[in-house]
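Analysis of the macromolecular model
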Amino acid sequence: MSDELPQEDVYSHGHHESVVRAHAARTAENSAAFVLPHLNPGITLLDVGCGPGSITCDFASMIAPGHVTGIDRSPEVIRQAQALAAERDVRNVDFVAGNIYDLEFNDGTFDVVHAHQVLQHLTDPVEALREMRRVAKPGGIVAIRDADFHGMSWYPAFPELDEWMALYQRIARRNDAEPDAGRRLVSWAQSAGFTDVAPTSSNWLYATDQQRRWQARVWSERVLHSAFGEQALEYGFANPSDLARISAGWHRWGSTHDGWFLIPNGEVIARA
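Residues numbered from 1 in each chain as written. Predicted model: local features only at pLDDT ≥ 70, side-chain atom pairs only at ≥ 80, totals over all residues. Heavy atoms only, no water.

A separate point is unusual backbone geometry. Residue Pro 65 is bonded to the preceding Ala 64 through a cis peptide linkage, with omega at 10°. By secondary structure assignment, the location of Pro 65 is in the loop between α3 (54-63) and β2 (67-72). Residue Pro 156 is bonded to the preceding Tyr 155 through a cis peptide linkage, with omega at -5°. Here Pro 156 lies in the loop between β6 (153-155) and α6 (159-174). Unusually for a residue other than glycine, Asp 89 sits at a positive phi of about 55°. Along the chain, Asp 89 turns up in the loop between α4 (75-88) and β3 (93-97). Owing to a relative accessible area of 48%, Asp 89 belongs among the partly exposed residues under this scheme. Of note, the phi angle at Gln 117 is positive, near 55°, even though the residue is not glycine. Mapped onto the fold, Gln 117 is located in the loop between β4 (110-116) and α5 (125-135). Judged by relative accessible area, Gln 117 falls into the buried class, the value being 8%. (Helix = DSSP H or I, 4+ residues; strand = E, 2+ residues; numbered from the N terminus. Buried < 20%, exposed > 50% of the residue type's maximum accessible area, 1.4 Å probe, protein only.)

Side chains of Tyr 155, Leu 205 and Trp 260 sit close together on the surface and give an oily, nonpolar patch of about 310 Å² of accessible area. By the element assignment, Tyr 155 lies in strand β6. (Patch = residues over 30% accessible without salt bridge, like charges linked within 9 Å, V, L, I, M, F, W, Y side chains within 5 Å. Areas by Shrake-Rupley, 256 points an atom, 1.4 Å probe, with all protein chains shown as cover. Salt bridge = Lys/Arg side-chain N within 4 Å of Asp/Glu carboxyl O.)

Bringing the pairing of β2 into the picture now. With respect to burial, β2 is a largely interior element, five of its six residues being buried. Both strand β1 (residues 44-48) and β2 contribute to a ladder of five bridges, which runs parallel. Opposite Asp 47, over in β2, you have Gly 70 as the bridge partner. Remark: the β1/α3/β2 crossover connection has right-handed handedness. Pairing geometry for β2 and β3, over five bridges, is parallel. (Pairing = 2+ DSSP bridges. Right-handed = clockwise from strand over helix to strand, strands pointing away.)

Before going further, it helps to spend a moment on the packing of aromatic side chains. A complete count under the given rule lists 18 aromatic pairs for this structure. With centroids separated by 5.8 Å and ring planes inclined at 75°, the aromatic side chains of Trp 253 and Phe 261 adopt a geometry described as edge-to-face. Accessibility assignment for this pair places Trp 253 and Phe 261 in one class, buried. Put simply, the rings of Phe 149, Trp 154, Trp 164, Tyr 168, Trp 219, Phe 228, Trp 250, Trp 253 and Phe 261 touch in pairs and so form one group of aromatic residues. When the ring centre of Phe 194 is taken as origin, the NZ or CZ atom of Arg 133, which lies over that ring, is 5.5 Å away. (Phe/Tyr/Trp six-rings, centres within 6.5 Å; stacked < 30°, edge-to-face > 60°. Lys NZ or Arg CZ within 6 Å of the ring centre and 35° of its normal.)

Structural data, given as structure tokens:
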């Protein structure tokens, strides 16, 4: 890798309880189905940007007696992941705080290197992919999945959700990140030196009463209380009344009986 690391990334979401709660609802089945055919008992797997560890622990159960390592830059989130592993009695997993641009593992350590909703937040996703490629075994895979914000669609139309999207795009790009990462994964993987790249896509859909209420609650809270809202104010992109209006709009959408919210995700299996 290069001698100079990219500038420190600014995480647009932060680690407010509303964010971590949403991440903890992710499972291997609902968020990493494209990886599952590549998992076998006894392999080694690195989960980069593991968050609170829900997907990581699922992986560990699937590849036992193999071993999974989860890394995240937040020590607090790592502690939550460790607690989840203890609660679920998953013993073939460990969690460590780490830097995606400078992974503390030897070349060719892991059969599978996985990153879910990570590259969209980085100042240099290509450099991160190079580092992930370095620690993958020859013939192993790097599996990445990221949402595409401008590809999201919803019904009914609410101006507050349009405001939310515009604000999210401004914040992410102010942080030198790429919110429309999903459509760029193939390009980034090729730029990182991968020649065997298999792309797929899948969606998250919120269209039942329960799903609408859940999604609306998540984002109504995040708009007001997470790093998203803090950065919107700090950067001068919104004022408190703007955030309150957007949060209320999420509640209005969540109370509809026919609402639809679709999140497309790009996926890539890149062979090292």
